[in-house]
Every structure is written in C-alpha cells, then in structure tokens.
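# Notes for the structure review
These are the residues of each chain, in order.
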Amino acid sequence: MKTLKFAVLPGDGIGPEVMDATLAVLEAATKPEGIALEFTHADVGGIAIDNHGTALPESTLEVCRGADAILFGSVGGPKWENLPPKEQPERAALLPIRKAFNLFANIRPGLLFKELVDASPLRPDSIPEGIDIVCIRELTGGIYFGQPKQTTTLEDGDVQAVDTMVYKVSEIERIAEVAAVTAKARGGRVCSVDKANVLETSVLWRKTVVEYFKKNHPDLELSHLYVDNAAQQLVRDPNQFDVIFTENMFGDILSDEMAIICGSLGMMSSASLGTDNNSQGLPYGLYEPAGGTAPDIAGKGIANPCAQVLSAAMMLRYSFGLDAIADRLSAAIRKAVEDGVRTGDIAFGKTPVGTKAMADAIVERL
C-alpha cells in the first residue's frame, strides 16, 4: 500500500475546522486507490505562541522535516496583534518556514467557476465563462529577504528605514522554469511582470527571462508587462492571461488582486514549492488556502473548506504525483458547486450549508 506522509499544521481561527474537513475528504479520495495517509499534527502561528512561546517551534520544524509535504491552514488573529511585529504569527511563522524549506515558487490558481461569476466584483458579462489563470510568485528573494533591512536614527535625529531588493540570475531562472512548465500544461502563454523602466533588479529580471525562454522554451509565447499595467489589465480582462509570473513583492500584490476578482477567498488554493525533492523524488512543498483565519466565524462550523481541499489536491499533484486523484477532487468540488451546494460565502440566495456538509457533498461526488 502506498503511503502519503505529510505534516498537518492547522494554525488558528477557521484553520482547524477546515483542516479536519479536508483530511476526511482526502481519505475518501485516496483510500479506494489503496493509498494510506500518514500525517502528524503540529502547532504553528498563534496557537504555537500560546503553547510554545514562538510562532514556529523547533518541534514543528522537526515534524515538517520528517514529512514529504506540509498541509498548512492559516495563522494569526486579534489575540496576537499586540505582540511586537517580528513576533506576530504571520511574520514569525510564514517567512521563516519558507526560508527553512527553500520554498521559492508560489503557485496560485485564479479559478472562478462560471456558476460563481456573481462572486466577482467584475461585471458578469466580462467573464461569462468565469476565470482560469495562474499567478506564479518568486517567494524567497527580493525586498522581503534582501539585506540590509533596518531602521536607524540619523545624526540629525531623523529616522530612516531601509529594505533591500536583491535578485540573482539563478533565482530568476528557476522561477522562470516553474512558469514555463506550468504554461506547457495549460495554454502555452507566459506573461512576465516587472518594473524594468525604473528598477535595476527588474532590468536584470527581464534580460534573464528573455534569454532563458529563448534558449530553453522557444515554443512558448512570452510577453512582458510593467507591474502597474499588469494590475490594470488583470481587472480589465483577466482571461487575456494564462500564466503570470513575477518577483516577490509584485507577486504578493497581484496574486491578492487576482484572489479578489475571483470572488471568495474560500475557493482560492496555493502551493509553495521548494528547491529540494522529497522522498518520492518530487518537489517538497507547502500547501495552503489563500484566505486568512476569519476569526469572526471561527468555531461556528460555517467556513468554506474548498480552498483547503483544493490545496490538498495540489499537494497530491506536485508532491505525490497523483494527478488523477487531484483531478477527481477538483471535479468533485466543481460538481458540488454546480449542484447548488454552497457555504455562505458563495451561496447567493441559496440555502447555505456548513463546513462538514460541504465536505460531505464533495465526497459524494468523487
């Protein structure tokens, strides 16, 4: 029997309840195929601060090191907002775990089913068939990790803060490769986003991307946009894109913009892939929904589990090579939505169901 070994980090807020629902769906999808799940829970985020004094304890890292992938929930909430910024769950857990496992490529599908076009702030007539694009963000370089990063008091008493944006050719090439592979499995079109009219790093980014695609992927259609234009075009006509890829800060902003135009965060999944392979010979990755902890509805059993389930499907695809099961999971979610089974965030006049009922509906359609 094949065994899938992964770490489960539910986190805070709605994280634990949508994670429980997702694990039930995962078992229903894999057990008939003779696949066993071997997972270990560990604390991360606010709950880890409460239990261990830090958002990312060494014990949690050890659990992750012993696994082939990480299924991640969400972290943060009002309880921990008064901590110093560097100790708050988001900054003290997410950035360090990305660094610890060299998670350099964030893959976020921008998927909006045509049945849910009313969830988007865009006009329904502009997206009659929904939205189907992918945003790929470089995750471990750029201004979030560059040094020096500091705040200092100058001789005249003024205060100055410095963040440093740094990129190497090797970092640009490896994220370009992820974009190329993704595009080859889709429509074959890649749009690289930069700010080469202003930033030195973007000049290197564009030069490297052009040369890399010319040498390694001449069959793909490559285009370029400045980030401000890309933000506008994403709202004007999202389906003009197939695969968008960009550096860390621009990707942070554009992927969140994409999430908004695709409607509910409860439907948005993501994968963060590392430089190293797992014991399966496949990319080690962290898989998480794009939304937050939603503390206002936590514990009520009404959160949408679809983003977490879709993230688990990405885990099956990228870290375990189980494309067929991942496809079935995605199709089951789509069928449930088509059949009118909806949580409150996507109900639109239909009677909403709870977290468990949504998960049960997905299982019924596997």
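Residues numbered from 1 in each chain as written. Predicted model: local features only at pLDDT ≥ 70, side-chain atom pairs only at ≥ 80, totals over all residues. Heavy atoms only, no water.

### A look at the nonpolar core
In terms of nonpolar packing, the biggest core is built from 84 residues, with Phe 6, Leu 26, Leu 71, Ile 136, Phe 213 and Phe 245 touching the most fellow members. Sorting elements by how many residues they give to this core places helix α9 (residues 306–320) first, with nine residues. Setting aside residues no more than four positions away along its own chain, Phe 245 makes contact with Ile 136, Ile 175, Ala 176, Ala 179, Val 190, Cys 191, Ser 192, Val 193, Trp 205, Val 209 and Phe 213. Leu 9, Ala 67, Ile 70 and Val 75 belong to the second-largest nonpolar core, a separate cluster that totals 22 residues. (Core = buried A, V, L, I, M, F, W, Y, C linked by side-chain atoms within 4.5 Å. Buried < 20%, exposed > 50% of the residue type's maximum accessible area, 1.4 Å probe, protein only. Helix = DSSP H or I, 4+ residues; strand = E, 2+ residues; numbered from the N terminus. Contact = heavy atoms within 4.5 Å.)

### A word on the sheet that holds strand β8 (residues 189–194)
Spatially, β2-β1-β3-β12-β11-β4-β5-β10-β8-β9 is the arrangement adopted by the 10 strands of the open sheet, whose pairing is mixed. If you trace the sheet from one side to the other, it starts and ends with β2 (35–41) and β9 (221–226), each paired once. Direction aside, the axes of adjacent strands within the sheet are offset by 25° on average. Lying on the sheet, helix α1 (residues 15–30) is in contact with β1 (2–11), β2 and β3 (70–74); it crosses β1 at an angle near 165°. On top of the sheet, α9 reaches β1, β3, β4 (103–112), β11 (269–277) and β12 (283–289); it is set at about 170° to β12, its chief contact. (Pairing = 2+ DSSP bridges. Axes fitted to C-alpha atoms, helices over the stretch in contact; angles between N-to-C directions.)

### A closer look at helix α10 (residues 323–338)
Compared with the 22 Å implied by 1.5 Å per residue over 16 residues, the 22 Å span of α10 between its first and last C-alpha is a close match. All of the buried residues in α10 are Ile 325, Ala 326, Leu 329, Ala 332, Ile 333, Ala 336 and Val 337. The buried side chains of α10 occupy one side of the element, clustering within an arc of 135° when seen end-on. Where the residues of α10 are buried, they touch α1, β2, α9 and α11 (355–364). Positive backbone phi, at 90°, marks Gly 340, one or two positions downstream of α10. (Expected span 1.5 Å × (residues − 1). Arc of directions from axis to C-beta.)

### Considerations on the pattern of salt bridges
Any two side chains of opposite charge can pair, given that their charged atoms come close. As enumerated under the stated definition, the model contains 20 salt bridges in all. With a shortest N-O distance of 3.9 Å, Asp 219 and Lys 184 are connected by a salt bridge. Taken together, the residues span a long stretch of sequence, with Asp 219 in the loop between α6 (200–216) and β9 and Lys 184 in helix α5 (residues 169–184) at a distance of 35 residues. Residue Asp 219 is classed as exposed on the basis of its relative accessible area of 55%. With a closest N to O distance of 2.9 Å, Lys 335 and Asp 339 form a salt bridge. Residue Asp 339 is classed as partly exposed on the basis of its relative accessible area of 40%. Here the salt bridges share partners, and the residues they tie into one network are Lys 335, Asp 339, Glu 364 and Arg 365. (Salt bridge = Lys/Arg side-chain N within 4 Å of Asp/Glu carboxyl O.)

### Notes on α5
Between its terminal C-alpha atoms α5 stretches 22 Å, which fits the 22 Å expected from 16 residues at 1.5 Å a residue. In this structure, the buried side of α5 is in contact with β4, β5 (131–138), β8, α6 and β10 (243–246).

### Comments concerning the environment of Thr 140
On the secondary structure map, Thr 140 appears in the loop between β5 and β6 (146–153). Residue classification places Thr 140 among the buried residues on the basis of a relative accessible area of 17%. Sequence-wise, Thr 140 and Asn 248 are 108 residues apart; in three dimensions their C-alpha atoms are separated by 7.2 Å. Residues in contact with Thr 140, not counting those within four places in the same chain, are Arg 98, Asn 102, Leu 103, Phe 104, Phe 145, Arg 174 and Asn 248.

### A few points about unusual backbone geometry
Note the cis peptide between Gln 147 and Pro 148, where omega equals 5°. When you line up the elements, Pro 148 lands in strand β6. Positive phi values are uncommon outside glycine, yet Asn 102 reaches one of about 50°. Residue position: Asn 102 is located in the loop between α4 (89–100) and β4.

### Brief notes about the pairing of β9
Here β8 runs beside β9; their pairing, made up of six bridges, is parallel. When the sheet's bridge partners are listed, Ser 192 is paired in β9 with His 224. Where the polypeptide runs from β8 across α6 and back to β9, its parallel neighbour, the crossover connection is right-handed. (Right-handed = clockwise from strand over helix to strand, strands pointing away.)

### What about the packing of aromatic side chains?
One pass over the full model with this rule turns up six aromatic pairs. Ring geometry for Phe 101 against Tyr 284: centres 5.1 Å apart, planes inclined by 15°, an arrangement best described as stacked. Separated by 183 residues along the polypeptide, Phe 101 in the loop between α4 and β4 and Tyr 284 in strand β12 bring together distant segments of the chain. You'll find Phe 101 and Tyr 284 in the same group, each marked buried. (Phe/Tyr/Trp six-rings, centres within 6.5 Å; stacked < 30°, edge-to-face > 60°.)

### Quick notes on the state of the cysteines
Each disulfide consists of a covalent bond between the sulfur atoms of two cysteine residues. Scanning all chains against the criterion turns up zero disulfides. The closest cysteine sulfur to the non-disulfide-bonded Cys 135 is located on Cys 191, 10 Å from its own sulfur. Look at Cys 135 and you get buried, because its relative accessible area is 1%. With no disulfide partner, Cys 306 has as its closest neighbouring cysteine sulfur the one in Cys 262, 14 Å distant. (Disulfide = S-S within 2.5 Å.)

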